[in-house]
Amino acid sequence: RRWVGSDGSGQGRIVVSVARNAAIGQPPVVRGGELPDQVVRHALARDGVVLSNLFTRPGQAAPEVALSVALTATGQEQPVLSLVLPADQLIRLSPQRRGTEDSLLVAVTDGTGLLVARSRDAERFVGRPVPSWDRLKALNAHRGQFEAVSLARPPEEARSAGAAEG
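Being a predicted model, the structure only gives us computed values, none of them experimental.

*Asks:* Quick question: what am I supposed to make of the side chain of S17 here?
*Replies:* Here S17 shows up in strand 2 (residues 10-20). Setting aside anything within four residues of it in sequence, one finds S17 in contact with R31, L35, V40, Q78, P79 and V80.

This is the structure we're talking about:
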């Protein structure tokens, strides 16, 4: 189902997917088709609500994310309830027109290194991989501080402290 924001635009949708147990050693078979299978399988593998990585549906340009939770299984099937939102609806950063020496560039990535939100030029960069992702993953830590180079030309230096999960 789709719900409508106060301005009349669609804000997101609720999706129910169903996973059916597969043969031993095989991943569950996902029915529903509206979400990537890995989004549903990730929810099945975790306890509680999980935030998906960025994904794009066929025929759609806007990247989306899903907040999903596995519900109680009935027999061989287990439903997964997902709240699917355009990525820019989930994470809103204060936009900046251009960078100055003392301005702060904020960027948010998903667990695969795709840019989900950016405080400057978001429309140009959301959905693209961040160039310093391999450096962050090489730290092999869920938290820490590192320096990164932005996608902008000329490149800007960025520092990050936060959680990384992939």
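*Asks:* How should I be thinking about the nonpolar core in this particular structure?
*Replies:* The nonpolar side chains of a soluble globular protein tend to be buried with one another. Formed by V15, A19, V30, L35, V39, V40, A43, V50, F55, A66, V80 and V84, the largest nonpolar core amounts to 12 residues. Among the elements that take part in this core, helix 1 (residues 37-45) stands out by supplying three residues, more than any other. In this view, L35 contacts V15, S17, V40, F55, S82 and V84; residues no more than four positions away in its chain are not counted.

*Asks:* Is there a simple way to think about a nonpolar patch on the surface in this case?
*Replies:* There is a patch of nonpolar side chains on the surface, built from I14, V16, L71 and L81 and spanning about 310 Å² of accessible area. In this fold, L81 is placed in strand 6 (residues 77-86). For L81, a relative accessible area of 33% corresponds to the partly exposed category.

*Asks:* Explain the pairing of strand 8 (residues 115-118) here, please?
*Replies:* Regular strands show a simple pattern: their side chains alternate between the two faces of the sheet. Pairing geometry for strand 7 (residues 107-109) and strand 8, over three bridges, is antiparallel. Bridge pairing in strand 8 links T109 to L115.

*Asks:* What is the right way to look at the side chain of D110 in this model?
*Replies:* With respect to the helices, strands and loops of the structure, D110 is situated in the loop between strand 7 and strand 8. D110 sits in the buried class, given a relative accessible area of 8%. Of note is the side chain of D110, whose polar atom sits 2.6 Å from the backbone nitrogen of L54. In terms of polar contacts, D110 uses its side chain to reach the backbone amide nitrogen of T112, at 2.8 Å. Not counting residues up to four positions away in its chain, the partners in contact with D110 are N53, L54, V116 and W133.

*Asks:* Looking at this structure, I do not really get the pairing of strand 6. What am I missing?
*Replies:* Pairing between strand 5 (residues 64-70) and strand 6: seven bridges, direction antiparallel. Residue pairing in the sheet places S68 in a bridge with S82 of strand 6. What sits between the antiparallel neighbours strand 5 and strand 6 is a turn of six residues, in which G75 has the positive phi angle 65°.

*Asks:* Honestly, helix 1 in this entry has me stumped. Any pointers?
*Replies:* For an α-helix, the turn length of 3.6 residues means that residues three or four places apart are oriented alike. All of the buried residues in helix 1 are V39, V40 and A43. All buried residues of helix 1 lie within an arc of 95° about the axis, which places them on one face of the element. Among the exposed residues of helix 1, those pointing more than 90 degrees away from its buried face are Q38 and A45.

*Asks:* Please explain the environment of L114 as it appears in this structure.
*Replies:* In this fold, L114 is placed in the loop between strand 7 and strand 8. Taking the C-alpha atoms as reference, L114 lies 9.4 Å from F55; in sequence the two are 59 residues apart. Ignoring any residue separated from it by four or fewer positions in sequence, one finds L114 in contact with L54, V108, T109, G127, R128 and P129.

*Asks:* Any chance you could explain the pattern of salt bridges here in plain terms?
*Replies:* If the charged atoms of two oppositely charged side chains come close together, the side chains can form a pair. Inspection of the entire model under this criterion finds six salt bridges. Linking E34 and R13 is a salt bridge whose minimum nitrogen-to-oxygen distance equals 2.5 Å. Taken as a pair, E34 in the loop between strand 3 (29-31) and helix 1 and R13 in strand 2 lie far apart in primary sequence, 21 residues in all. The class for E34 is partly exposed, based on a relative accessible area of 34%. Here R13 and E64 are joined by a salt bridge, their closest N and O atoms 2.8 Å apart. Of this pair, R13 sits in strand 2 while E64 sits in strand 5, and the two are 51 residues apart along the sequence. The exposure class assigned to R13 is buried, which follows from its relative accessible area of 5%. For E64, a relative accessible area of 6% gives the class buried. Because the salt bridges share partners, they merge into one network encompassing R13, E34, R57 and E64.

Cut-offs and rules
- Residues numbered from 1 in each chain as written.
- Predicted model: local features only at pLDDT ≥ 70, side-chain atom pairs only at ≥ 80, totals over all residues.
- Heavy atoms only, no water.
- Helix = DSSP H or I, 4+ residues; strand = E, 2+ residues; numbered from the N terminus.
- Contact = heavy atoms within 4.5 Å.
- Core = buried A, V, L, I, M, F, W, Y, C linked by side-chain atoms within 4.5 Å.
- Buried < 20%, exposed > 50% of the residue type's maximum accessible area, 1.4 Å probe, protein only.
- Patch = residues over 30% accessible without salt bridge, like charges linked within 9 Å, V, L, I, M, F, W, Y side chains within 5 Å.
- Areas by Shrake-Rupley, 256 points an atom, 1.4 Å probe, with all protein chains shown as cover.
- Salt bridge = Lys/Arg side-chain N within 4 Å of Asp/Glu carboxyl O.
- Pairing = 2+ DSSP bridges.
- Polar contact = N/O pair within 3.5 Å; in protein donor to acceptor, adjacent residues only side chain to side chain.
- Arc of directions from axis to C-beta.

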